[in-house]
Structure formats: C-alpha cells, structure tokens
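# Fold and geometry: a report
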Amino acid sequence: MHIAVGVKQVYDVDQIKIDPRTLEPVYDVPLKLDDLSRNALEEAIRIKEITGGKITVIILNGVKIGEAVKEALAMGGDEAKIILSEGGFLDTAITASAIAEVIKSLKDVDLVIFGHASVDTYTGQTGPRVAEILGVPVVTQVRELRVNDDVLTAIRDLEDSLEEVEIKLPCVITVTNEINEPRLPSLSQILGARKKPVEELELSDLGIDLERGIEILHNRAPRVERLKRIYRDDTDIAAREIISELKKEGII
Amino acid sequence: MKKILVVAEHRKGEIRPVTFEMLNLSSSIPGETTCVILGKDIGGMAEEISKKADRVIMVQHDSLENFNSELYWVALEEIIKEENPDIIALGHTAMGMELAPFISERIDAPLATDIVKIEEVNGKIHVHKYVFSNKILAELELRDSDTYVITIRQGEFKEEIDDKNGEIEERSFTPPGSISKRFIEYVEPEEVGVDISKADIIVSVGRGIEDEGNIELAEELAEALNGVVAGSRPVIDSGWLPKERQVGISGKTVKPKLYLALGISGAFQHIVGMKDSELIIAINRDPEAPIFQVAHYGVVGDIFDVVPELIERLKKG
Ligand SMILES: Cc1cc2nc3c(=O)[nH]c(=O)nc-3n(C[C@H](O)[C@H](O)[C@H](O)COP(=O)(O)OP(=O)(O)OC[C@H]3O[C@@H](n4cnc5c(N)ncnc54)[C@H](O)[C@@H]3O)c2cc1C
C-alpha cells in the first residue's frame, strides 16, 4: 500500500507569549512537527507494518522545514516531498491544492492521512479539501482504524458519541490524538533518515491560484473581561484569598 | 439583506443546538435564513426549525438517515445551486467540519471555520476565530466572492432571534448508484456512577495532573470542599477517571457553583462544557493558557504547590 501523509510544521504554541502592550503574539519560539501530524504518521507506519508498502511524507512551508522533515523520515517515512513557498500566510485552499497536485503526480497513492486540524490555525480543512480535489471519499476525526484489504473501518468522533463507518480505498482519513501514541525515533533511525530521498518542489510551479480564500487582518490576544483577579507569584497569598472568597460566596 | 443557508444538524431524532445558533446568525448579519434539513422521518424537526427560520427545505430519504458526507453533498449540491446563497453556514462539528471544506472546494467559495463572530465591514465579510491553541483571537477578511462558507463554534451565537414562521418545502432526492462510504452504527460509551452535572462543587483535573497516582490529590481537595472530581478528555482517555466524569463537548455540560480547573489548558471542546459555572477558578502554570479567559480567579502556578496549600487551609477551617 502506498500511503501519503500530509504533515505540518508549526510554532510551538505552548511557548508562545503575548506582548502585553500590543496584545500580539511574540513569534520567537521554536518550530516543531505538529502533534497531530505525528499521529497521522504513526498510523501510516502501523498500517505499513501490516500491509507493507511505502510512506511518502508531504509538507508545505515557507521557512526552515529541514527539522520537521528529518523527524518525519526518522519516525518511518520512506521519502519526502517538500513544497517550498515564499512564506507568509497561505489559505488552506491553496495548501490543499498543492498537496493534492503532489499526490496526483505520485499516481499510485491508496491512502492519504492527515491530522484532523493543526494546533496553530485550527482550520481542519486540508484533509476534506484534498479528498474533494482527488475525487475520493473522506472520513474525519478518526480515533480507531482497521484495514481489511481495500476497505477501512473507522471509529469517528462525534460530539456526544462515536460512529463506526466503512470506507473504500482510495480515500482520505484525518486522525485525532486518541488514535495512537506516536513513537520516538531511535538514534539509528535519525541517522538513517539522512539517506532517504527528499524532493523539493516550488509552489509557484504547481499551477495553483494563489489569490484565494482568506486574509488575516490581525492576530491579538483576546481581552479578558471576566477575570477579577489573577495571582502570579505567591501561592500562599493565592490560597488564602481564594479560600476567603469561597467563604464570602457561601461555597464553604 | 443576505441570503443565509443553514445546514441543520440532528442526531437520533433530535435537533442539535448548533442548528438554532446558526439561525441566530441573522442577528449578526441582517439576512433571510433558509434552513436545509436532510434525513429520514424529519417532519417534526422541520416543524420545530420553522419557528426560527424564514424558510425550511426538507429532503427525506432512507439513505439520509445518518450523516454521510458523500450523500449529504449530493443532496445539497442542487439546493445550493438553486438557492445561490450569500452565506452557507454549518456547525464546527464532526459533521460540519467534514462537509464545509468539501462545499468550499466544489463551489470555489472562501471558507472560514470555527468562527466566533461575523460582521460586515465596508461591504466585506469579517470573521473572528481563535488560533494558536485558543490563545489568540484572529480577525480575518474573506476575499470578495458570491458565496461564503462558514462553520460556527458551538455555544457562541446565543443571542436569540424573534420567532418566525417559515414555510416548509419538501424536495426529492435520488441517491447515486454507487457510494464508497457507509454508516455502520453509533458506538455509545457505557454510563454508570456519579452524575457530575448535578454537583455543586467540581474539582476538575487536566493533563497537568501528569499521572494517575496524582488524582488522589484532586480527590483530597474535592473532599475538603465537599465536591466531586471530574476531568478533561485526555484524563478520561488515559483511564484515570471514568467516562461519566468527562466535562466538555463529548462529555457532560456542568453548571456548578464552583468549578476548579487544575492543569486544564482550556480547549474550546472543554470550555463549552463548563463556562456557565457560577464561579470558575483556574490553576495553570502557563500564564497564557486560554482557561484564564473564562476564569473568574486565576492562579499562575504549579498545581502541586497550590493544591496542597489549599487543602491544608481548608482542613484548618
Ligand atoms: C471531537 C473532539 C471532542 C473533544 N471533546 C472534549 C471534551 O469533551 N472534553 C475535553 O476536555 N476535551 C475534549 N477534546 C479534547 C480537547 O481538544 C483538548 O485536547 C483537551 O481538552 C485538552 O485537555 P487538557 O487541558 O487536560 O490538556 P492540555 O491541553 O495538555 O493542557 C494541560 C495544561 O496543564 C498545564 N499544566 C501542566 N502541568 C502543570 C502543573 N504542574 N501545574 C499547573 N498547570 C500545569 C499546562 O500549562 C496546560 O495548560 C475533544 C477533542 C475533539 C477533537
């Protein structure tokens, strides 16, 4: 089975700080392979362990994607296609068209796996869009997947329950973090990754309309209106005042 | 006046609340709402929806009983073409998130997902949505287009509109000959034990609790406060607390007098389930954690320092 995995590199949002004056995020934080991209890749590796075949990692980004690609190959990707852009924000419609073009050029892809959304922009659009462009069905938010020949059985997350669906290959799947525990590559895998084939493509060569979708006007931390009090340093004072507040409110 | 086409969401014979929240959009963007409902035996639901929509289009067929993005699209395509709406709204839900990108791609319309606000500014559509793990609120402008597609975050568009009395039209549907996707069944988690939705005081733990053994600390605090312990989804998925203790979109909605969030980041799926609590206190070591956006009191600190301190003081009385 030939599996394509779309991965994304994102800012480590856990480390993002906010400039208190402008309320804008400060971007001097490391980049990393998005968590759900790891889950997508892990699922591909597990499937390949059963069915055999090949895993192609596809990534689109403006800057410094070297590390994310190396990590994806170390985990178990067999080859990588990097789509280079000039940087700046790209609407998901553009990202999806580019990834779909690469998948089409690979010709024999049976299954495409993505994370269901990325931690930075959280649009959740790439998987279903790629499915539409390729003309294949999609199942999103999958937390359990079984492969029987050319049919997949997926347990999918609904808000208040789960749903079991069956889908024929070729298709697109997007996964949630419950689906697996991504592996950490060993040192020899990290070293071995260097020898794996990596091809670079230019976004502008793929023949895609780059003026689509959405423009960002600004990114700012929301103003917090509800918060009456925030304690930052002294846990002793915090504990004392919280308890006196609970007493005042008649809770204890 | 904009033409707003709302795709209704229902499951097991019940309309999902997000449907009515989408119909409330006409209070943000002056417009006329047409609600499309697809399914089987949906007459009663269409009736209910018509009280809040200007028009209802109902499509009934056995194959539409449960959501299937493949079939739903076929049923919607014709309606979208005929109606030519300015805005197509879906929920930012398991259903909407699977369908909206598909529609956007098909009709080549800009799509904004998970929005919490929409407005028209100088003839342009602007939307607000959270990015970077809910820490940042982005304002986005959609490029000019005949049609826009949006998915709305649940629990955000609550400003109710006046009653309407929309007409219900029925349309027919012929499913395509071959389909590659099939619904099998709903898988329900079993439920027994404590009903957290009735508790007055909840001590809720998130991934910050680190380890199953540390749940005891939360239990001790809950006992001192006369409350119960609940948790975020990762805690439940790890098996540290039973499923019926989960707070959030795929768990319970709670409105206790006190909700104490320990090491919970505040993902929207969690917030939806607890934001109407009377008093929310959050303890988290990340000062930018989005849980502080809904908290009344926040402590930036380590739960393993603050919680023992609280327990000690409570015990002293
Ligand atoms: C379809 C779907 C449905 C979902 N439904 C739900 C749902 O019903 N309920 C739900 O909760 N989630 C749900 N989720 C998951 C949700 O998106 C988040 O992943 C989840 O809520 C995160 O849980 P958390 O806050 O415990 O963990 P994290 O996001 O990992 O946050 C842990 C927090 O703990 C803090 N922390 C760590 N150590 C310490 C310490 N020692 N002291 C103080 N703070 C510390 C960190 O700063 C961080 O903010 C759903 C997701 C999907 C896709």
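In what follows, the structure referred to is the one given above.
Residues numbered from 1 in each chain as written. Chains lettered and ligands numbered in written order. Predicted model: local features only at pLDDT ≥ 70, side-chain atom pairs only at ≥ 80, totals over all residues. Heavy atoms only, no water.

Helix and strand content of chain A: six helices and 15 strands. Principal axes of the C-alpha set define a box for chain A whose edges measure 65 × 40 × 40 Å. Buried positions account for 53% of the 252 residues belonging to chain A. Once local pairs closer than 6 in sequence are excluded, the contacts in chain A between residues at least 24 apart make up 69%. (Helix = DSSP H or I, 4+ residues; strand = E, 2+ residues; numbered from the N terminus. Buried < 20%, exposed > 50% of the residue type's maximum accessible area, 1.4 Å probe, protein only. Contact = heavy atoms within 4.5 Å.)

Assigned secondary structure in chain B consists of eight helices and 17 strands. Oriented by its inertia axes, the alpha-carbon framework of chain B measures out at about 70 × 45 × 35 Å. Buried residues in chain B amount to 59% of all 317 residues. Within chain B, contacts between residues at least 6 apart in sequence are counted, and of these 63% link residues at least 24 apart.

Turning our attention to the sheet that holds strand 11 (residues 167-171) of chain B. Strand order in the open sheet formed by 10 strands is 14(A)-9(B)-8(B)-7(B)-10(B)-6(B)-1(B)-4(B)-5(B)-11(B), and the pairing between neighbours is mixed. Edge positions in the open sheet fall to strand 14 (214-220) of chain A together with strand 11 of chain B, since each of these has one partner strand only. Across this sheet, the average inter-strand angle for adjacent strands is 30°, counted without regard to direction. Sheet topology places strand 6 (residues 87-91) of chain B next to strand 10 (residues 148-152) of chain B; five bridges connect them, and they run parallel. Each bridged residue has a counterpart across the sheet, and for Ile88(B) the counterpart in strand 10 of chain B is Val149(B). (Pairing = 2+ DSSP bridges. Axes fitted to C-alpha atoms, helices over the stretch in contact; angles between N-to-C directions.)

If you want to describe how two helices pack, look at the angle between their axes and the distance between the axes. One can describe the packing of helix 4 (residues 126-134) of chain A onto helix 4 (residues 94-107) of chain B by two numbers: an axis separation of 8 Å at closest approach and a directional angle of 45°. Between helix 4 of chain A and helix 4 of chain B, the angle is such that the two are oblique. In this structure, the crossing between helix 4 of chain A and helix 4 of chain B has a hand that is right-handed. In this structure, helix 4 of chain A contributes Pro128(A), Arg129(A), Glu132(A) and Ile133(A) to the contact, and helix 4 of chain B contributes Met97(B), Glu98(B), Pro101(B), Phe102(B), Ser104(B), Glu105(B) and Arg106(B). Tallied by class, residues from the contact of helix 4 of chain A with helix 4 of chain B come to five nonpolar, one polar and five charged. (Parallel < 35°, antiparallel > 145°, perpendicular 65-115°, else oblique. Left-handed = near helix turned anticlockwise from the far one by under 90°. Nonpolar A, V, L, I, M, F, W, Y, C, P; charged D, E, K, R; others polar.)

So, about helix 4 of chain A. Buried residues dominate helix 4 of chain A, accounting for seven of its nine residues. Those residues of helix 4 of chain A lying buried are Thr126(A), Gly127(A), Pro128(A), Arg129(A), Val130(A), Ala131(A) and Glu132(A). In this structure, the buried side of helix 4 of chain A is in contact with helix 3 (92-106), strand 8 (111-115), strand 9 (138-148) and strand 12 (171-175) of chain A together with helix 4 and strand 7 (111-121) of chain B. After helix 4 of chain A finishes, the residue Gly135(A) shows a positive phi value of roughly 70°.

Across the boundary between the two partners, chain A contributes 76 residues, which contact 84 residues of chain B. Summed over both sides, the interface of chain A with chain B buries roughly 7400 Å², with 54% coming from carbon and sulfur. For the pair chain A and chain B, the number of links is 11 salt bridges. Across the pair Asp157(A) and Arg233(B) runs a salt bridge, and its minimum N-O distance is 2.7 Å. Summed over the shared surface of chain A and chain B, the result is 38 residue pairs in polar contact (both at pLDDT 80 or more). A per-element tally of the side of chain A that touches chain B places helix 6 (residues 235-248) of chain A first, with 10 residues. Broken down by class, the residue content of the side of chain A that touches chain B amounts to 34 nonpolar, 14 polar and 28 charged. In this structure, strand 14 of chain A lies alongside strand 9 (residues 136-142) of chain B, joined through six bridges in antiparallel fashion. Opposite His218(A), over in strand 9 of chain B, you have Glu139(B) as the bridge partner. (Buried area = accessible area lost by both parts, 1.4 Å probe. Salt bridge = Lys/Arg side-chain N within 4 Å of Asp/Glu carboxyl O. Polar contact = N/O pair within 3.5 Å; in protein donor to acceptor, adjacent residues only side chain to side chain.)

By themselves, these are just geometric observations and shouldn't be taken as functional.
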